[in-house]
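Fold and geometry: a report
Below, each chain spelled out in residue letters.
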Amino acid sequence: MKIILFDIDGTLVKAGGAGARALNYAVEALTGHKNACDAVQLQGATDKANFENAFKAGAGRKPTRKQLAVLTQKYVDRLPSEVLASVKAKKYLKVKGVEKFLARLSGRKDVLLGLGTGNLRDGAFIKLEPSGFLRHFAFGGYGCDSHHRSVVLQKAVVRAAKLAKTPIKERDVFVIGDTHRDAEAAKEAGYHSGVVLDGFGDRAAIMRSNPELVAEDFSDMKPWLIWLGLEKDPRGVRRGTYICPDSPIEHAHYGRTGMDLRDIDLGIKKLREIKRKTAGK
Ligand SMILES: [Mg+2]
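The paragraphs below set out a description of the structure included in this document. (Residues numbered from 1 in each chain as written. Predicted model: local features only at pLDDT ≥ 70, side-chain atom pairs only at ≥ 80, totals over all residues.)

We now examine the pairing of strand β1 (residues 2-6). Here β1 lies mainly inside the structure; five of its five residues are buried. Residues of β1 alternate between two faces, with K2, I4 and F6 on one and I3 and L5 on the opposite face, all of them buried. Taken together, the five bridges between β1 and strand β4 (residues 111-116) define a ladder with parallel strand orientation. For L5, the partnering residue across the bridge sits in β4 and is G114. (Buried ≥ 20, exposed ≤ 12 C-beta atoms within 10 Å, placed from the backbone. Helix = DSSP H or I, 4+ residues; strand = E, 2+ residues; numbered from the N terminus. Pairing = 2+ DSSP bridges.)

Printed below as a string of structure tokens:
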């Protein structure tokens, strides 16, 4: 059983800034401070961390537990209307190719799709509602589970194991996100990591985080399916061998090395021939 965990913002959908607007509204209601999110790097962090940081930007100090609870409630109450505003303004977008990719994966019995997101559970459902993608996801790890993305992912896998009624091995978990934080969290938890570039991530940071697979979007499913081990490599290289250990990137590297080795082999053959000739044999 393969577990595939999807991040939401920038990976499945772009909600047109609905989350930031709802959080700005909530912080302003509590502190009077406008546009608190301007001072906070929201992408790739969990909602819990974002709420604290946005409150701090507004009030100049950390929120108390009670203030955080009120802030969270105000955010969740406000979010549906902000998501709807994005939809109406045609700023709510599905990431290219993801709709077909999800449909393809959902049709398989050897795959379980889940969410691995920094959004609160309620926030995740509200943001995904207009996309119609919710039906593909039976479980998830959410921003309300932990401050740490890697723990969020691990929680999702615990829930997947319960659902599948079988233990899940780390090597069978694939995390798909749009920022370096997704890739780093996946690695920290011992899972595979793939990153889509057409989201909100910083490209240089993504490259530094060195995910196994990087792709512009999901319009070409092939690299994603090969990476997931759901489709055969067109080069006929078997997965899990020294030549193709685990990912297309490693494949490209070792594939090249293989070519080089063959060249060396041919070179040695030629050298032996020349030696034989000069030795008069
Ligand atoms: Mg994201």
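Still more to cover.
This next bit is on unusual backbone geometry. Phi at K90 takes a positive value of approximately 55°, unusual for a residue other than glycine. In this structure, K90 sits in the loop between α3 (65-88) and β3 (93-94). Assessed through the 8 C-beta atoms surrounding it within 10 Å, K90 is described here as exposed. The phi torsion at N210 lies on the positive side, around 55°, for a residue other than glycine.

Running from N to C, helix α2 (residues 47-59) and α3 cross one another at 105°; their axes reach a closest spacing of 11 Å. As far as their axial angle goes, α3 and α2 are roughly perpendicular. Of the residues in α3, those in contact with F51, E52 and F55 of α2 are Q67, L68, L71 and T72. Class assignment of the residues belonging to the contact of α2 with α3 gives a composition of four nonpolar, two polar and one charged. (Axes fitted to C-alpha atoms, helices over the stretch in contact; angles between N-to-C directions. Parallel < 35°, antiparallel > 145°, perpendicular 65-115°, else oblique. Contact = placed C-beta atoms within 7 Å. Nonpolar A, V, L, I, M, F, W, Y, C, P; charged D, E, K, R; others polar.)

This next bit is on the sheet that holds strand β7 (residues 192-196). Strand order in the open sheet formed by six strands is β5-β4-β1-β6-β7-β8, and the pairing between neighbours is parallel. Looking along the sheet, the strands with just one partner apiece sit at the ends: β5 (139-141) and β8 (213-215). Between one strand axis and the next, the sheet turns through 25° on average, direction left out of account. Docked against the sheet, helix α7 (residues 180-189) engages β6 (173-177) and β7, running at close to 175° with respect to β7.

Grouped together as the largest cluster of nonpolar side chains are 65 residues, with contacts concentrated most on L5, L23 and L153. The residue makeup of this core includes at least three contributed by each of domain 1 (2-12 + 93-227) and domain 2 (17-88). Excluding anything up to four places from it in sequence, L5 contacts G114, L115, G116, L153, A156, V173, V175 and I176. (Core = buried A, V, L, I, M, F, W, Y, C linked by C-beta atoms within 7 Å. Domains from an automatic or database assignment.)

All right, on to the environment of V40 then. Relative to the assigned elements, V40 resides in the loop between α1 (18-31) and α2. Linking V40 and F55, residues 15 residues apart in sequence, is a C-alpha distance of 9.9 Å. In this view, V40 contacts N50, N53, A54 and A57; residues no more than four positions away in its chain are not counted.

Another point: the packing of helix α6 (residues 149-164) against α7. Packed helices, taken two at a time, are described by the angle between their axes plus the distance between the axes. Packing of α6 against α7 leaves a shortest axis separation of 8 Å and a crossing angle of 60°. As the angle between them shows, α6 and α7 are arranged oblique. At the point where α6 passes α7, the crossing takes the right-handed sense. Together, R149, S150, L153 and Q154 of α6 and R181, A185, A186, E188 and A189 of α7 make up the contact between the two elements. The class makeup of the residues in the contact of α6 with α7 is four nonpolar, two polar and three charged. (Left-handed = near helix turned anticlockwise from the far one by under 90°.)

Don't take any of this as a statement about function, it's just geometry.
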